[in-house]
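Structure at a glance
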Amino acid sequence: MGWKDKTAGVCGFLFNVLAPKTCLYCKKDQKYDYLPPLCGECLKNLEVIRFPYCSSCGTVLDSGGSLCYSCRHEKRKKSFAFSRSAVMFEPRIRAVIHACKYNGYKKLSRWLGEFMAERIGKYPELGGYGLVVPVPVSVKKAAERGFNQSELIAEALAAGTGKKFCRDGLLKSRETRSQAGLNREEREKNLADSFSCPEPSKIKGEKIILVDDVATTLSTLNEAAGVLTKAGALEVACYTLARE
Ligand SMILES: [Zn+2]
Ligand SMILES: [Zn+2]
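Residues numbered from 1 in each chain as written. Chains lettered and ligands numbered in written order. Predicted model: local features only at pLDDT ≥ 70, side-chain atom pairs only at ≥ 80, totals over all residues. Heavy atoms only, no water.

1. Describing the coordination of the zinc ion (ligand 2)
For a metal bound by four donors in tetrahedral geometry, the ideal donor-metal-donor angle is 109.5 degrees, whereas six donors in octahedral geometry ideally sit at 90 or 180 degrees. The criterion, for reference: Donors, by definition, are the N, O and S atoms found within 2.8 Å of a metal, the threshold being 3.2 Å for Na, K and Ca, and water is not counted, so a site can look incomplete. In these descriptions, tetrahedral denotes four donors with every angle between 85 and 135 degrees, square planar four donors and octahedral six donors with opposite donors over 155 degrees apart and the rest between 65 and 115, and irregular any other case. Counting from the N terminus, the helices are DSSP H or I runs at least four residues long and the strands are E runs at least two residues long.
Around the zinc ion (ligand 2), the protein contributes the donor atoms Cys54 (SG), Cys57 (SG), Cys68 (SG) and Cys71 (SG), at 2.3 Å from the metal centre. Because the angles between the four donor atoms bound to the zinc ion (ligand 2) fall within 104 to 117 degrees, the donor set is best described as tetrahedral. Counting residues between consecutive donors of the zinc ion (ligand 2) along the chain gives the motif C-x2-C-x10-C-x2-C. Taken together, the positions of Cys57 in the loop between helix H2 (40–44) and helix H3 (69–72) and Cys68 in the loop between H2 and H3 put the pair 11 residues apart, joining distant regions of the chain.

See below:
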């Protein structure tokens, strides 16, 4: 072993001791130069979405068909063409989203966006959409947290796919209360007129990928997509990191 290898070995050892890296989910120690926030095992266990999935909302389908139960019984027309997600929302991805959003590990959002960029190839239907627009949060929320996670994820996704990025395609023009615990009608009421498109010329005629971290009931995506369409977007499809 040459002195260079020895030095690298000693440095690696010191890094491991001084700056231990652990998997965000299972807390197992990782090598100091291992970059992903989850260990190899946890990455393997992520529930990535594969065919068959609902052609409308993108959720995993247990048994074939093209629409999930709730989309089959949906009476109202959605404002977006379809929605897709990289993974199902489960504890491993939740740990990463949580660390990024609430513990301020802002850098993780780049990893999340790159992860979405890697998975987007599974969805050729998103291929024709060229402009990435994030779902915004209110000015107050962005100030509290210091950043908008969806915006950072969307930016990394655009960079990783070579698509155009439009940071301010949408604006959250008023504060809304948390959607948790609200039924659908209440959610829609809560969100009504909460988004606006500040500069329609930026999105006019574009096929847009609307990006958010987690898709739950799709009410938020639906409201935001409706605003983009009214402002002149040619078509809107959604792509989120996780599907709840
Ligand atoms: Zn792990
Ligand atoms: Zn569905």
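2. Brief notes about the pattern of salt bridges
To be explicit about the condition: The working definition used for a salt bridge is a side-chain nitrogen of Lys or Arg within 4 Å of a carboxyl oxygen of Asp or Glu.
For the structure on display, the rule yields 11 salt bridges. Members of the salt-bridge network, linked through shared partners, are Glu74, Arg76, Arg184 and Glu188.

3. Let's talk about the pairing of strand S8 (residues 207–215)
Basically, it comes down to this: Burial classes follow relative accessibility: with a 1.4 Å probe on protein chains only, a residue under 20% of its type's maximum area counts as buried, one over 50% as exposed, and anything between as partly exposed. By the convention used here, strands pair only if DSSP detects at least 2 bridges between them. A crossover gets the label right-handed when its path from the first strand over the helix to the second runs clockwise, viewed with the strands pointing away from the viewer.
Taken across its nine residues, S8 has eight buried, putting it largely inside the fold. Alignment of strand S4 (residues 131–134) against S8, held across four bridges, turns out to be parallel. Following the sheet pairing, Val133 is matched in S8 by Leu210. Bridge analysis of S8 against strand S9 (residues 235–243) gives eight bridges, and the strand direction is parallel. Paired with Asp212 across the strands is Thr240, a residue of S9. In terms of handedness, the path from S8 via helix H9 (residues 219–230) over to S9 forms a crossover that is right-handed.

4. Here's the deal with the side chain of Asn148
Counted only if it meets this: Contacts: residue pairs with any heavy atoms within 4.5 Å of one another.
Inspection of the secondary structure puts Asn148 in the loop between helix H6 (139–145) and helix H7 (149–161). Overall, Asn148 belongs to the buried group, its relative accessible area being 8%. With residues near it in sequence (within four places) discarded, Asn148 still touches Val135, Pro136 and Val137.

5. Comments concerning the coordination of the zinc ion (ligand 1)
Coordination of the zinc ion (ligand 1) by the protein is provided by Cys23 (SG), Cys26 (SG), Cys39 (SG) and Cys42 (SG), with metal-donor distances spanning 2.3 to 2.4 Å. The sequence motif formed by the donor residues of the zinc ion (ligand 1) is C-x2-C-x12-C-x2-C. With Cys26 in the loop between strand S1 (21–22) and strand S2 (29–30) and Cys42 in helix H2, this pair connects stretches of sequence that are 16 residues apart. The exposure class assigned to Cys42 is buried, which follows from its relative accessible area of 5%.

6. Looking at helix H4 (residues 91–101)
H4 sits mainly inside the fold: eight of its 11 residues count as buried. For H4, the complete set of buried residues consists of Arg92, Ile93, Ala95, Val96, Ile97, Ala99, Cys100 and Lys101.

7. Notes on the environment of Cys57
Accessibility expressed as a relative area gives 2% for Cys57, which makes it buried. With 30 residues separating them in the primary sequence, Cys57 and Val87 have C-alpha atoms 13 Å apart. Excluding anything up to four places from it in sequence, Cys57 contacts Cys68, Cys71, Ser83, Leu218 and Arg243.

8. Points about the packing of helix H5 (residues 108–119) against H7
Cut-off, in case you're wondering: Whenever a helix is involved, its axis is fitted only over the stretch in contact; in every case the axis is a line through C-alpha atoms, and angles between N-to-C directions fall within 0 to 180 degrees. Between 65 and 115 degrees an angle is taken as roughly perpendicular, under 35 as roughly parallel, over 145 as roughly antiparallel, and anywhere else as oblique. Left-handed describes a crossing in which the near helix is turned anticlockwise from the far one by less than a right angle; the clockwise case is right-handed.
At a minimum axis distance of 7 Å, the contact between H5 and H7 shows a crossing angle of 45 degrees. In terms of their interaxial angle, H5 and H7 are classed as oblique. As for the relative orientation of H5 and H7, their crossing is right-handed in sense. Of the residues in H7, those touching H5 at Ser109, Arg110, Leu112, Gly113, Glu114, Met116 and Ala117 are Gln149, Leu152, Ile153, Ala156, Leu157, Gly160 and Thr161.

9. Observations concerning the packing of aromatic side chains
The criterion, for reference: Each pair of aromatic rings taken from Phe, Tyr and Trp, with Trp reduced to its six-membered ring, is defined by centres within 6.5 Å and is described as stacked if the planes are under 30 degrees apart, edge-to-face if over 60, and tilted in the remaining cases. Charge-over-ring placement is defined geometrically: NZ (Lys) or CZ (Arg) within 6 Å of the ring centre, and within 35 degrees of the ring normal.
Under the definition given, this model contains five aromatic pairs. Seen from their ring centres, Trp111 and Phe115 are 5.6 Å apart, and the 15 degrees between their planes marks the pair as stacked. You can see Trp111 and its partner Phe115 sitting in helix H5, four residues apart, about one turn around the helix. Since its relative accessible area comes to 17%, Trp111 is described here as buried. For the pair Tyr123 and Tyr239, a centre-to-centre distance of 6.2 Å together with 75 degrees between the ring planes defines the contact as edge-to-face. Note that Tyr123 is positioned in the loop between H5 and S4 and Tyr239 in strand S9, a separation of 116 residues in sequence. Under the relative-accessibility criterion, Tyr123 is labelled buried at 2%. Members of the aromatic cluster, each reached through a chain of ring pairs, are Phe51, Tyr53, Tyr123 and Tyr239. One Lys or Arg, Lys207, reaches over the ring of Tyr129 and ends 4.7 Å from the middle of that ring.

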